[in-house]
Amino acid sequence: QVQLVESGGGLVQAGGSLRLSCAASGRTFSNYNMGWFRQAPGKEREFVAYIGWGGNRYYADSVKGRFTISRDNTKNTVYLQMNSLKPEDSAVYYCAAKDYGLDYRVVGDSSRYDYWGQGTQVTVSS
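As a starting point, this report considers the structure included with it. Source: prediction; values computed, not measured.

Scanning the chain from N- to C-terminus turns up 0 helices and 11 strands. Each helix (α) and strand (β) of the chain, taken in turn from the N terminus, gives the series β-β-β-β-β-β-β-β-β-β-β. For a compact globule of 126 residues, the expected C-alpha radius of gyration is about 14 Å, and the chain comes in at 13 Å, within 12% of that figure. Seen through its principal axes, the chain has C-alpha atoms that stretch 40 × 30 × 25 Å. The burial tally for the chain puts 45% of its 126 residues in the buried class. Long-range pairs, those at least 24 residues apart, make up 59% of the contacts in the chain with a sequence separation of at least 6. Summed over its atoms, the accessible surface of the chain is roughly 6,700 Å², and 44% of this surface lies on carbon and sulfur atoms.

In structure tokens, the structure reads:
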């Protein structure tokens, strides 16, 4: 019943910035815990960032200090601001949602999320 649509991906040079958006529909967005994951060819899906329904945030060590996750409940949208991009950030980025509670100890476990978007490609050139 929940649909997620990502946008904002593209090609950018190393050191540049992109902002990804994930628009949600179908249920009350304010009750959802939202996460960003990414997957590069030949690699496993990797946790990137999380924001809970109350605004609490958690980041992977690899992006901490460079990426910022935020949400606008009036627009039913979650954002991922990516600065100082590196070639190793290149991947397909996926938005994910979990309704109601999600234990803070497992926010990086992709199997805990109920809904996923189709993904948006981010390519960082050196």
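The next subject is the pattern of salt bridges. Tallied over the full model, the rule gives 8 salt bridges. Between Arg 38 and Glu 46 there is a salt bridge, with its nearest N and O atoms 2.9 Å apart. Take Arg 38: its relative accessible area is 5%, and that puts it in the buried class. One salt bridge in this structure joins Asp 109 and Arg 112, with 3.4 Å as the shortest N-O distance. Judged by its relative accessible area of 28%, Asp 109 is partly exposed.

Moving on, we come to the nonpolar core. Of all hydrophobic cores here, the largest spans 39 residues; its most connected members are Leu 4, Met 34, Trp 36, Val 78, Leu 80, Met 82 and Tyr 93. Among the secondary structure elements, those contributing two or more residues to this core are strand E3 (18–25), strand E4 (32–39), strand E5 (46–51), strand E7 (67–72), strand E8 (77–82), strand E9 (91–99) and strand E11 (120–125). Excluding its chain neighbours within four sequence positions, the residues that come into contact with Tyr 93 are Glu 6, Leu 20, Trp 36, Phe 37, Arg 38, Val 48, Phe 67, Leu 80, Met 82, Gly 119, Thr 120 and Val 122.

Before going further, it helps to spend a moment on the packing of aromatic side chains. Scanning the model with the defined rule gives 6 aromatic pairs in all. Centroid distance Phe 37 to Tyr 113: 5.2 Å. Interplanar angle 80°. Geometry classified as edge-to-face. One end of the pair, Phe 37, is in strand E4; the other, Tyr 113, is in the loop between E9 and strand E10 (115–116), and 76 residues separate them in sequence. For the pair shown, Phe 37 and Tyr 113 are each scored as buried. Members of the aromatic cluster, connected to one another through ring pairs, are Phe 37, Phe 47, Tyr 58, Tyr 113 and Trp 116.

Now for the sheet that holds E8. Hydrogen bonding along the main chain pairs the strands of a sheet, whether they run parallel or antiparallel. Read across the open sheet, the 4 strands follow the order E1-E3-E8-E7; overall the sheet is antiparallel. The open sheet is flanked by strand E1 (3–7) and E7, the only strands paired with a single partner. Adjacent strand axes in the sheet meet at a mean angle of 15° when their direction is disregarded. Across 6 bridges, the pairing between E7 and E8 is antiparallel. Bridge pairing in E8 links Ile 69 to Leu 80.

Analysis parameters
- Residues numbered from 1 in each chain as written.
- Predicted model: local features only at pLDDT ≥ 70, side-chain atom pairs only at ≥ 80, totals over all residues.
- Heavy atoms only, no water.
- Helix = DSSP H or I, 4+ residues; strand = E, 2+ residues; numbered from the N terminus.
- Rg over C-alpha atoms; globule rule 2.2 N^0.38 Å.
- Buried < 20%, exposed > 50% of the residue type's maximum accessible area, 1.4 Å probe, protein only.
- Contact = heavy atoms within 4.5 Å.
- Areas by Shrake-Rupley, 256 points an atom, 1.4 Å probe, with all protein chains shown as cover.
- Salt bridge = Lys/Arg side-chain N within 4 Å of Asp/Glu carboxyl O.
- Core = buried A, V, L, I, M, F, W, Y, C linked by side-chain atoms within 4.5 Å.
- Phe/Tyr/Trp six-rings, centres within 6.5 Å; stacked < 30°, edge-to-face > 60°.
- Pairing = 2+ DSSP bridges.
- Axes fitted to C-alpha atoms, helices over the stretch in contact; angles between N-to-C directions.

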